[in-house]
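This is what each chain is made of:
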Number of protein chains: 2
Amino acid sequence: MSPRLNLGPKPRLGYVESKLERAAERRDDAAYLSALQGDPNGLNYVIGGELVVLKKNGGGFNAAFTANDVRNLGTTNETVFLGLLADAGCFGIGLGEAATQALQARPDLHVTDLRSIAVQGLVGPDDLAPIAEAKALLHWHARHRCCANCGAATQSVHGGWRRDCPHCRAQHFPRTDPVVIMLAIDGENCLLGRQSRFPAGMWSCLAGFVEPGESIEEAVRRETREESGVSCGRVRYFASQPWPFPSSLMIGCHAEAISREIVVDRSELEEARWFEREEVATMLLRRHVEGWTTPPPVAIAHHIIRAWLEVGAGVFA
Amino acid sequence: MSPRLNLGPKPRLGYVESKLERAAERRDDAAYLSALQGDPNGLNYVIGGELVVLKKNGGGFNAAFTANDVRNLGTTNETVFLGLLADAGCFGIGLGEAATQALQARPDLHVTDLRSIAVQGLVGPDDLAPIAEAKALLHWHARHRCCANCGAATQSVHGGWRRDCPHCRAQHFPRTDPVVIMLAIDGENCLLGRQSRFPAGMWSCLAGFVEPGESIEEAVRRETREESGVSCGRVRYFASQPWPFPSSLMIGCHAEAISREIVVDRSELEEARWFEREEVATMLLRRHVEGWTTPPPVAIAHHIIRAWLEVGAGVFA
């Protein structure tokens, strides 16, 4: 049994623990949603593609806009109903590219990407879940304006939770892509990889999309083998996280490596290697001699790695 | 601690433990795939929408057709590369409605739906995973012949693992919908529901799609509350299964109920109620006095329920 490490209090994972009641049974009640949208207490999250619009507030930022604020943003092109926070309606407001660019010049606003917002903690942790919900839904609308079945233009219905085709009558639902993200473990070593788009010195878990016709456990083994050449046996689910880049569900796992030799798939990874547990602890705690790191607490990779550092083989117990 | 029950040997879950090597790195090698497809040792699974075509073989059936068999089936409209079984290429062959109907008249073939094939064990258990892979992929092609971004007709590339739009250059990937399926547990009782489309007397776990912006655990709690009014606390992942009806990933969980009162959502369920553990055991073992049942072993619901019958609160350990 590997020794336990005490890394201090667990930080909060991002985009989860939503405070919203989704109230799915109200999505088809257009009159109710319309009244809710006009309510001055409503909360509106404003998204333009990969960018999120924040309202400056003293030295900080507000993520939620009032209905009146929204009217002053210019042309919006999509509204989705996120749910209720107590009695207040929460909506995602989608902007086109030109409208988003125009807002970047406004001194009362801050327009930036969601990763920066999350990592730098520009908004409260409770705002991340509704922003994730809004961003994933709005991205789906932006990329699904036509019917995949017949090509006709579709219409958003049910508060943005369905698009209907007036031509062939097909109904389309928001898409969420399941992704496995896993730490392969061989005793006191774990397998980390680097994608070329990662910040310098950052290493993380391997990850990949679950494909049609496979289980989570099969996807973990296949992706690890494809990307690194390492075979895995036992797979243990750890936790999950919505990941709105653009619309994934990250399914975090630990996997028991049953081979050591690494053959890196250079089309997916820049590098992959085995790390000793002690070194990974210094990376997670930002005390590595070379300045190497693991992902920040907002990402599930941080927690997958942290759990292994803390309890070692206990992750398979 | 609830007593353990011995239910005998565990039956096999359906559609998992694929014997295929997906060989994703060969998907863009058209010459390789073409040669593989002509190979007389190849295995071809033939699907027409919800129906699967089997070859009669004495008193039994074969699921896989040779390349020569496929040529005698008439017009096929899609081919997808499933992977390799040893050196043999495995393909999914899609048929249109008319072609499928024409084959129903042939005395050497048996054309039926996949649920019946799986439940009745008409093919070997190792055939179910490639059939699931083929059916999910082919359904995606059938419903995604146009670009959701611009409406133009798209083309299948990379052995059927991508569709490209020649007009706007968008790339589209097969869709897999994550679904949570869970057993809510209150001590020695569990919550089962009936959809009106279920066979008479069958009760199962509740289930629903994971939505954008939520974790697996949040989806389990939301779906249980929406469908039955029951609130859940702790959620524990159990296992997963691809479910090609049409293209879901079933994510099986146990959940600790923290409320008892049931309010059934009649748009989703015909009925939902609490069952005592002893009664559920008789249902799973097909010994219930009224003939009530739980789903067959091919479905993950069977295993989620079985695990709780076997170890009780141990599912949360």
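Residues numbered from 1 in each chain as written. Chains lettered and ligands numbered in written order. Predicted model: local features only at pLDDT ≥ 70, side-chain atom pairs only at ≥ 80, totals over all residues. Heavy atoms only, no water.

### Some thoughts on the sheet that holds strand β9 (residues 162-164) of chain B
All names here are of chain B. Taken together, the 3 strands give an open sheet; going across it, the order is β8-β9-β10, and neighbouring strands pair in antiparallel fashion. Both outer strands of the open sheet, β8 (155-157) and β10 (171-172), are each paired with one neighbouring strand and no more. One ladder, built from 2 bridges, connects β9 with β10; its direction is antiparallel. If you follow R163 over to β10, its bridge partner there is H172. (Pairing = 2+ DSSP bridges. Helix = DSSP H or I, 4+ residues; strand = E, 2+ residues; numbered from the N terminus.)

### Thoughts on the interface of chain B and chain A
Many structure descriptions define interface size as the accessible area lost when the parts assemble. Counting residues at the interface gives 51 residues for chain B, matched by 51 residues for chain A. Regarding the contact of chain B and chain A, the summed buried area is about 3,800 Å², with carbon and sulfur atoms giving 51% of it. For the chain B face of the interface with chain A, the top three residues by lost area are R143, R175 and P212 of chain B, together amounting to 17%. Our enumeration of links across chain B and chain A arrives at 8 salt bridges. Here E21 of chain B ties to R225 of chain A by a salt bridge, and the two come within 3.4 Å at their closest N and O atoms. Summed over the shared surface of chain B and chain A, the result is 32 residue pairs in polar contact (both at pLDDT 80 or more). Mapped by element, the contributors of at least two residues to the side of chain B that touches chain A are α5 (125-143), β10, α6 (216-228), β14 (232-243) and β15 (248-257) of chain B. (Contact = heavy atoms within 4.5 Å. Buried area = accessible area lost by both parts, 1.4 Å probe. Salt bridge = Lys/Arg side-chain N within 4 Å of Asp/Glu carboxyl O. Polar contact = N/O pair within 3.5 Å; in protein donor to acceptor, adjacent residues only side chain to side chain.)

### Points about helix α7 (residues 277-284) of chain B
All names here are of chain B. Three or more residues of α7 are buried, namely R277, V280, A281, M283 and L284. Buried residues in α7, looked at end-on, bunch into an arc of 160 degrees, giving them a common side. Contacts made by the buried residues of α7 are with β12 (189-194), β16 (271-276) and α8 (300-311). Two residues or fewer past α7, R286 is found with a positive phi of approximately 60 degrees. (Buried < 20%, exposed > 50% of the residue type's maximum accessible area, 1.4 Å probe, protein only. Arc of directions from axis to C-beta.)

### Observations regarding the environment of S18 of chain B
Tracing the backbone through its elements, the reader meets S18 of chain B in the segment before α1 (30-38). Judged by its relative accessible area of 22%, S18 of chain B falls in the partly exposed class. In this structure S18 of chain B touches E218 of chain A together with A129 of chain B, once residues within four positions along its chain are discounted. Within the local environment of S18 of chain B, its side chain forms a polar contact with the backbone nitrogen of L20 of chain B, the two atoms lying 3.2 Å apart.

### Topic: the packing of α7 of chain B against α8 of chain B
Residues and elements named next belong to chain B. Relative to each other, α7 and α8 sit at 130 degrees, their axes nearing to 10 Å. The angle between the axes of α7 and α8 places the two elements in the oblique class. α7 and α8 meet at a crossing whose hand is left-handed. Judged by residue contacts, R277, V280, A281 and L284 of α7 engage H302, I305, R306, W308, L309, E310 and V311 from α8. Residues belonging to the contact of α7 with α8 are distributed by class as follows: 7 nonpolar, 1 polar and 3 charged. (Axes fitted to C-alpha atoms, helices over the stretch in contact; angles between N-to-C directions. Parallel < 35°, antiparallel > 145°, perpendicular 65-115°, else oblique. Left-handed = near helix turned anticlockwise from the far one by under 90°. Nonpolar A, V, L, I, M, F, W, Y, C, P; charged D, E, K, R; others polar.)

### Notes on the confidence of the model for chain A
Mean pLDDT over chain A: 96, with 99% of residues reaching 70 or higher. Interface scoring of the predicted complex returns ipTM 0.97; its pTM is 0.97. (pLDDT = per-residue confidence, 0-100.)

### A closer look at the relation of the copies chain B and chain A
By a simple turn and slide, chain B fits onto chain A: the slide is 0.0 Å along the axis, the RMSD is 0.0 Å, and the turn is 180 degrees. The superposition operator between the copies reduces to a two-fold rotation axis. Residue G151 of chain B of chain B places its C-alpha closer to the rotation axis than any other residue of that unit, at 1.9 Å. When the interface residues of chain B are mapped onto chain A, 100% of them again lie at the interface, so the same face is used by both copies. (Least-squares fit on C-alpha atoms with pLDDT ≥ 70 in both.)

### Looking at the pairing of β12 of chain B
Residue and element names in this part refer to chain B. β12 sits mainly inside the fold: 6 of its 6 residues count as buried. Taking every second residue as pointing to the same face, both faces of β12 are buried, with N189, L191 and G193 on one and C190, L192 and R194 on the other. As paired strands, strand β11 (residues 177-186) and β12 are joined by 3 bridges and run antiparallel to one another. Bridged to I185 within β12 is C190. Hairpin geometry of β11 and β12 is characterised by an intervening segment of 2 residues between the two adjacent antiparallel strands and by a positive phi of about 60 degrees at G187. When β12 meets β16, the two strands line up antiparallel, connected through 6 bridges. Its bridge partner being in β16, L191 is matched across the sheet by W274.

### Details of the sheet that holds strand β10 (residues 171-172) of chain A
Residue and element names in this part refer to chain A. Pairing in this open sheet of 3 strands is antiparallel, and the strands run β8-β9-β10 from one edge to the other. Either end of the sheet is taken by a strand with one partner, and the two such strands are β8 (155-157) and β10. Here β8 pairs with strand β9 (residues 162-164) via 3 bridges, running antiparallel. Bridging from a neighbouring strand, V157 pairs with R162 of β9.

### A short note on the packing of aromatic side chains
One pass over the structure, following the stated rule, counts 15 aromatic pairs over all chains. With 6.2 Å between their ring centres and 75 degrees between their planes, Y15 of chain B and F245 of chain B make a pair best called edge-to-face. Taken together, the residues span a long stretch of sequence, with Y15 of chain B in the segment before α1 and F245 of chain B in the loop between β14 and β15 at a distance of 230 residues. Per residue, the accessibility class of Y15 of chain B equals that of F245 of chain B, and both read buried. Taken together, the ring pairs connect Y15, W243 and F245 of chain A into an aromatic cluster. Lying over the aromatic face of W274 of chain A, R260 of chain A brings its terminal NZ or CZ to 4.8 Å of the ring centre. Its end group placed over the ring of Y32 of chain B, R26 of chain B keeps NZ or CZ at 3.7 Å from the ring centre. (Phe/Tyr/Trp six-rings, centres within 6.5 Å; stacked < 30°, edge-to-face > 60°. Lys NZ or Arg CZ within 6 Å of the ring centre and 35° of its normal.)

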